[in-house]
Amino acid sequence: MNPGDRVRVDRADRTYEGVLLPSSTDDNLVVKLDGGYNVGIDRDDADCEVLDENVYEIGGSDTEDEDESTGADSEIEFNDDLPTISLISTGGTIASTVDYRTGAVTAQFDAEDVLRAVPDLAGRANYRGRVVANILSENMEPPIWQELAQAVSEEIEAGADGVVVMHGTDTMQYSASALAFMLETPVPVVFTGSQRSADRPSSDNVMNAVSAVEAAKSDCAEVLVCMHASESDDACALHRGTRVRKTHTSRRDAFETIGAKPLGTVDYDAEAVTFRRDHQERGEAELELAAELEDDVELLKFTPGMDPAFLDVVEGAEGLVIEGTGLGHVHTDLIPRIEELIDDGTTVVMTSQCLEGRVCDRVYDTGRDLLDAGVIEAGDTLPGTAKVKLMWALANEESAEEAMQTSLAGELQERSVPWE
């Protein structure tokens, strides 16, 4: 009896029928019922019958598994008529299961387990599986972005026609931004995750994963985020990685493209991918990797009454992104301290707390004083994206100031005009 088999399990006076899933412990069986729920059953108390073997079979690896947290990979049996999609796992809810000893959701699936858990992926592509990390996304760190970018580059160099990155949703926007700056890619790189774990009937993991694979087969060779477009199960939105933000804690359509409609859409039933704006097309760019980062960069949100001592914490930092009010303002009493930071070598960039519009520090006296102090305007770049961009620019560009005022990966509009 193996994961992927269809089984009937009798326990006491109840019978359960469904697909056997991997379990977090050898003491339990985990069965996905036809209604969508998972059930955990003590092995010792259960009588099991295999109804159908390998219902959702995944080919074996040619090499023995490596450590589950770093570098593990697997190879699926190939069909020459299908494109090859690399599935890279970093953990998160889409790659999680329930530990029935505690009831907690834990990130522990590798890429093969995801294929077992999402049988609808079968027949859409050939798959290569790779695990870069096995963490909840709140534990994501810049060194893992670098490992992830290296892994994506290697998969593309090895012939992948597209890459799907499975990632927790809490910090997905940061990771997508990081890869957008680190990589010039000739194929789609699509981040996806799920807001609700696979054991819940309302889980979004199947639709998001399937839609991400369809997007990875498309002609848009950019870093994208693929998540539910609405609370319905009809379409997924494709967001440009540098313009997306998680705007809701728990809704399935938690992600939005700020200042615009999403770049594209995947119609789930029709399996059709469409794009509404210009984008880099498949094959236009040569694969390039620039994964160096300056990690001594902070993001600080200004609020009324903020203690100026907060600026002492970043003294000596290589970079600071300030999330100012309105057009890019802070209390005038902070400006002399900001100027001292700049004089001491810290690159200071101004963004806005507003969801739409751009920084323009030429309108009011405070803004002009900030510019005179040496603060760099970041236009309408999102604050989180600006932090990641500054980390990359300080390590890779001759002029961080020029880079922060130039659109490198679709993160910055040249003019503030309504987007389609």
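Since we're looking at a predicted model, the values are computed, not measured. (Residues numbered from 1 in each chain as written. Predicted model: local features only at pLDDT ≥ 70, side-chain atom pairs only at ≥ 80, totals over all residues. Heavy atoms only, no water.)

Engineer: Tell me about the overall build of the protein, and please be specific about residues and values.
Structural biologist: Each helix and strand in the protein was counted, giving 9 helices and 24 strands. In the protein, which comprises 420 residues, the proportion classed as buried is 52%. Contacts in the protein between residues far apart in sequence, at least 24 positions, make up 68% of those at least 6 positions apart. For the protein, the accessible area works out to roughly 18600 Å², and carbon and sulfur atoms hold 40% of it. (Helix = DSSP H or I, 4+ residues; strand = E, 2+ residues; numbered from the N terminus. Buried < 20%, exposed > 50% of the residue type's maximum accessible area, 1.4 Å probe, protein only. Contact = heavy atoms within 4.5 Å. Areas by Shrake-Rupley, 256 points an atom, 1.4 Å probe, with all protein chains shown as cover.)

Engineer: Could you give me a rundown of the pairing of strand β2 (residues 14-21), with the residues and numbers involved?
Structural biologist: Pairing geometry for strand β1 (residues 6-11) and β2, over 6 bridges, is antiparallel. Bridge pairing in β2 places V7 opposite G18. Count of turn residues in the β1/β2 antiparallel hairpin: 2 residues, of which A12 carries a positive phi of about 55°. Across 4 bridges, β2 lies against strand β3 (residues 28-33) in antiparallel orientation. Within β3, the position partnered with V19 by the bridge is K32. (Pairing = 2+ DSSP bridges.)

Engineer: Pulling in residues and values, what's your account of the packing of helix α6 (residues 335-343) against helix α7 (residues 365-373)?
Structural biologist: Where α6 meets α7, the closest approach of the two axes is 9 Å, and the angle between their N-to-C directions is 20°. The pairing of α6 with α7 is recorded here as roughly parallel in orientation. Remark: the crossing between α6 and α7 carries right-handed chirality. Where α6 abuts α7, its residues I335, I338, E339 and I342 lie against T366, D369, L370 and A373. (Axes fitted to C-alpha atoms, helices over the stretch in contact; angles between N-to-C directions. Parallel < 35°, antiparallel > 145°, perpendicular 65-115°, else oblique. Left-handed = near helix turned anticlockwise from the far one by under 90°.)

Engineer: Please set out the nonpolar core residue by residue, giving values where relevant.
Structural biologist: With 47 residues, the main nonpolar core has V152, L179, V189 and F191 as its most contacted residues. Of all the elements in the fold, those that place two or more residues in this core are α2 (142-157), β11 (162-166), α3 (172-182), β13 (189-192), β14 (223-228), α8 (383-396) and α9 (400-404). With near-sequence residues (within four places) excluded, L179 lies in contact with W145, L148, A149, V152, V189, F191 and V223. With 23 residues, the next largest nonpolar core counts L121, Y127, A212 and V213 among its residues. (Core = buried A, V, L, I, M, F, W, Y, C linked by side-chain atoms within 4.5 Å.)

Engineer: So what's going on with the packing of α2 against α3? Residues and values would help.
Structural biologist: The interhelical angle for the contact between α2 and α3, taken along N-to-C directions, is 55°, at an axis separation of 10 Å. As summarised for this structure, α2 and α3 are arranged oblique, according to the angle between their axes. Along this stretch, α2 crosses α3, giving a crossing that reads as right-handed. Between α2 and α3, the contacting residues are W145, Q146, L148, A149 and V152 on the first element and Y174, S175, A178, L179 and M182 on the second. The residue makeup of the contact of α2 with α3, split by class, is 8 nonpolar, 2 polar and no charged. (Nonpolar A, V, L, I, M, F, W, Y, C, P; charged D, E, K, R; others polar.)

Engineer: So what about the side chain of D253? Which residues, and what values?
Structural biologist: Following the sequence through the fold, D253 ends up in the loop between β16 (244-246) and β17 (255-257). Residue class for D253 comes out buried when judged on its relative accessible area of 14%. A distance of 2.8 Å separates the side chain of D253 from the side chain of R251, its partner in a polar contact. (Polar contact = N/O pair within 3.5 Å; in protein donor to acceptor, adjacent residues only side chain to side chain.)

Engineer: Which residues make up the sheet that holds strand β24 (residues 376-377), and what values do they have?
Structural biologist: An order of β21-β22-β23-β24 is seen for the 4 strands of this open sheet, with the pairing classed as parallel. On the outer flanks of this sheet lie β21 (297-301) and β24, each paired with one strand and no other. Direction of pairing for strand β23 (residues 347-352) relative to β24: parallel, over a ladder of 2 bridges. The residue of β24 that forms the bridge with M350 is E377.

Engineer: Hey, could you go over the environment of G374 for me, with residue numbers and the actual values?
Structural biologist: Here G374 shows up in the loop between α7 and β24. Given a relative accessible area of 32%, G374 falls into the partly exposed group. Put simply, G374 and V349 are 25 residues apart on the chain and 9.0 Å apart in space, counted from C-alpha to C-alpha.

Engineer: Can you explain the pairing of β11? Please cite residues and give values.
Structural biologist: Of all 5 residues making up β11, 5 are buried, and the element is well covered by its neighbours. Burial along β11 is two-sided: the residues G162, V164 and M166 and V163 and V165 are all buried. With 5 bridges connecting them, strand β7 (residues 84-89) and β11 associate as parallel partners. Looking at β11, one finds that S89 is bridged to M166. Sheet topology note: the β11/β13 ladder contains 4 bridges and is parallel. Pairing of V164 across the sheet is with V190, part of β13.

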